[in-house]
Amino acid sequence: MVARSSCSRLLGLLLFAVLTLSASSQEQHFYTLNRQNGLSDNCVLQLLQLHDGRMVTITPRTIDIYDGQRFSSLTIDTAQWVALPAYQGATHLFADAHDCLWMKQHERLYCFHLPTMRQIIPADWHHDDDFFIDEAGDTWLLKGRMLRNAAGTRRLQLPPQAGLLQDVVSVGDTVYTFFDTGQLVAFTGRARQLFSSQAYPTEAVSRYQWTSLVVPGAGCLYQLRTGAGGSVLLEFDRHHRQWRTILSSDRTLHTLTLTPSGILYLTAPSGYWRINPQTSEQTFFSQLCLPDGTVLSTGVNTVCLDREGGMWLGTYDSGILYTSPLSGLFDTKPIDIEVHPILTTIYLHGQPLLPGHSYDGQELLTVTPPYVDELHFSHSQNSLAFQFSTMNYVRPRSTVYRYRFSGDEQGWHTISADSIGHFVDDKGVFYLPLMSLSPGDYTLEVMASTNPNNWNQRDVRTIHFTIDYPWWQSPLAFVLYVVALALVIGASFLFYRRRMQRQNREQLLLLRIQNLVEQVNQYEHSAAMVMLSEPASEQEASAEPEPTPQEKEFMSRATALVEQHIADPNYHVEQLAADLCMERTGLYKKLTALIQQSPVAFIRSIRLRRAAALLREGNMSVAEIAEYAGFSSPGYFSKCFQKEFGCKPSEY
């Protein structure tokens, strides 16, 4: 019993010691992101968090953006900048509301367009002397002693004796301006000077004249000033308009940040400070401990607090160091922090899409994936995948996603690293494949959280994309199909109409021919009556001589020969003359004397009259009759027939 009690007491003491050690050193355990993780350079000058949670890192030659999985790098072109003659400080980083990143260096301003990851020169730059972006995201431009916002709605006339403007901070309707002389000048919303205040005596101005960094706090402003005499950390009480010195050092201090609980972190060449302004407690950390027990002794250039309370340190030569108050060594309690889904990669047929590249003759991405809202694919580009991450570095495996796809009728799906299908890995990366999609319009919506019972309905990452129909299924093709069908129907109707008109014309022509025949018969009957009534002498005078029996017999033989060979298109004048035992010239003279026709016309007339008789019978087509009557083509037959009878064979 004694041994068991001693053992229990020993385990309790050991557990208490471990928990105490964990609690006391929780803030000193850092995780590293360096060149081995894809960072361009281990020397980090500045850090900044974008509105979607990604971290921007400035190294001496590159800009690196970390999306929770990998770094995207952009080389800084040192020849592409605009002049800032009034800025005399070190590297200072800003992000505006238009997805542009601005970097100030000594008398220079660089601009980077983040959606395309390109360095640009602003097209509307007016050669101002200095450039600022305040805590509210408003851009301020300095020209001479005139400070104006980019929208042009506010103009502040700076006092000439104040010195060189170094910082602009906006709190509500009040604009606070900070100068290299240590002076603060406040303006109201109507651009009227409200008051001015001096941070330190005039004899100390030269000591802290180089740079200024201001961070707004609860009811106060914290300012870090550096110069030839070292650095000083000041607090300005906005209500009482009083200054207080928090920390003074003869060495150059770099950057300053403030936690939501009011704790200040201050970077130094040999570590960083943790300062509680309310209790005046100050702790300096010169050694940084990694989770594996490794201890780093390095200078810290910059510090940045993310929205989850994690602290990012940019070092001289060790890359980025990260720690969080939620990442205790033995802490397994659920966390509930705000995370945002970041689209990191889009895959087409298993290959990642790259901005500016051509795929099947078209550029699919004009911006990097985090900025993609609309996509357009051809019908063959229908196997896609989307990859998301969050900036959850505390416990990435606890990240939970919800997604809804318009091509899926089941609504919202909730998935995590524990879900079946392995859509979310242990690093909190969400991979969603969408294979063999049909043509149409689609919408993908994604949310992220660390608490499956708590979702921010306003933070939904939405992507719209279209897969075109193949040309034979496109709306234009269906329009062409309808047009073609309408043309066919129209052509059929027109053909039917013309056919009916032709039939009507044929019937009309038949009636006219019938009337003409009747008129001819009446005329012949009248002529016969007239001849009978004329005197015999006149009839004899007007009558032509009757053909002789020999002439009648000759005409009968010639007609019989032509009719005998009527189907032979090669039966011509020479063959007829030979069959009549005559010369061609003799046949010509004989026929012209008897019937006033040439042999060619005589043969053609017999053929046409036989064709007319067959047409009246109606048992054969026009083409068949033309061939039977010895004509070489229906077209020639129709031409000769119309000349002979005054109408087409089809109208006869």
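About the cut-offs
- Residues numbered from 1 in each chain as written.
- Predicted model: local features only at pLDDT ≥ 70, side-chain atom pairs only at ≥ 80, totals over all residues.
- Heavy atoms only, no water.
- Helix = DSSP H or I, 4+ residues; strand = E, 2+ residues; numbered from the N terminus.
- Buried < 20%, exposed > 50% of the residue type's maximum accessible area, 1.4 Å probe, protein only.
- Areas by Shrake-Rupley, 256 points an atom, 1.4 Å probe, with all protein chains shown as cover.
- Contact = heavy atoms within 4.5 Å.
- Pairing = 2+ DSSP bridges.
- Axes fitted to C-alpha atoms, helices over the stretch in contact; angles between N-to-C directions.
- Phe/Tyr/Trp six-rings, centres within 6.5 Å; stacked < 30°, edge-to-face > 60°.
- Lys NZ or Arg CZ within 6 Å of the ring centre and 35° of its normal.
- Expected span 1.5 Å × (residues − 1).
- Patch = residues over 30% accessible without salt bridge, like charges linked within 9 Å, V, L, I, M, F, W, Y side chains within 5 Å.
- Salt bridge = Lys/Arg side-chain N within 4 Å of Asp/Glu carboxyl O.
- Parallel < 35°, antiparallel > 145°, perpendicular 65-115°, else oblique.
- Left-handed = near helix turned anticlockwise from the far one by under 90°.

A. Spatial organisation of the overall build of the protein. Looking only at helices and strands, one finds 9 helices and 42 strands in the protein. Looking at the protein residue by residue over its 652 residues, the buried ones come to 44%. Working note: accessible area of the protein is about 35,300 Å², and carbon and sulfur atoms make up 54% of it.

B. Here's a closer look at the side chain of Asn301. Along the chain, Asn301 turns up in strand β29 (residues 300–305). Of the residues examined, Asn301 reaches a relative accessible area of 13% and is grouped as buried. Apart from residues lying up to four places away in sequence, Asn301 is in contact with Cys43, Val44, Leu45, His254, Thr255, Thr267, Gly314, Thr315 and Tyr316.

C. Local environment of the sheet that holds strand β5 (residues 71–75). The strand order across the open sheet formed by 4 strands is β2-β3-β4-β5, and the pairing between neighbours is antiparallel. Strand pairing shows two members of the sheet lacking a second neighbour, β2 (46–49) and β5, which therefore form its edges. Between one strand axis and the next, the sheet turns through 20 degrees on average, direction left out of account. Across 4 bridges, strand β3 (residues 55–58) lies against strand β4 (residues 62–66) in antiparallel orientation. Within the sheet, the bridge partner assigned to Thr57 lies in β4 and is Asp64.

D. Inspection of the packing of aromatic side chains at higher detail. With the rule as written, the count across this model stands at 27 aromatic pairs. Arranged with centres 4.8 Å apart and planes meeting at 20 degrees, the rings of Tyr272 and Phe285 form a pair that is stacked. In this pair, Tyr272 is assigned in strand β25 (residues 271–276) and Phe285 in strand β26 (residues 281–285), connecting sequence segments 13 residues apart. Both residues of the pair, Tyr272 and Phe285, count as buried. Among the aromatic residues, ring-to-ring pairing joins Phe377, Phe386, Phe405, Tyr442 and Phe465 into one connected group. Just above the ring of Trp455 sits the side chain of Arg402; from NZ or CZ to the centre is 5.4 Å. A cation over an aromatic ring shows up here: Lys590 above the ring of Phe554, its NZ or CZ 5.5 Å from the ring centre.

E. Molecular detail of helix α9 (residues 634–645). Under the 1.5 Å per step criterion, the end-to-end length of α9 is 16 Å for 12 residues, consistent within 8% with the ideal 16 Å. For α9, the full list of buried residues reads Phe637, Ser638, Cys640 and Phe641. At its buried positions, α9 is contacted by α7 (599–617) and α8 (622–628). One or two residues past the end of α9 sits Gly646, with phi positive at roughly 85 degrees.

F. Quick peek at the sheet that holds strand β23 (residues 256–258). Here we have 4 strands laid out as an open sheet, ordered β23-β24-β25-β26, and antiparallel in their pairing. Where the open sheet ends on each side, the last strands, each with one partner, are β23 and β26. Ignoring which end each strand starts from, the neighbouring axes of this sheet average 20 degrees apart. Relative to β26, β25 runs antiparallel, the two being bridged by 5 bridges. Bridging across to β26, Tyr272 finds its partner in Phe285.

G. Broad picture of a nonpolar patch on the surface. On the surface, Trp471, Trp472, Leu476, Phe478, Val479, Leu480, Tyr481, Val483 and Leu487 cluster together to form a nonpolar patch covering roughly 1,000 Å² of accessible area. Mapped onto the elements, Leu476 comes out in helix α2 (residues 475–533). The class for Leu476 is exposed, based on a relative accessible area of 58%.

H. Layout of the packing of helix α4 (residues 549–564) against helix α6 (residues 584–595). Packing of α4 against α6 brings their axes to within 12 Å, and their N-to-C directions diverge by 115 degrees. With respect to α6, the axis of α4 lies roughly perpendicular. The two elements α4 and α6 cross, and the hand of that crossing is left-handed. Contacts between α4 and α6 involve Glu551, Phe554 and Met555 from the former and Leu587, Lys590, Leu591, Leu594 and Ile595 from the latter.

The values are spatial; any link to function lies outside them.
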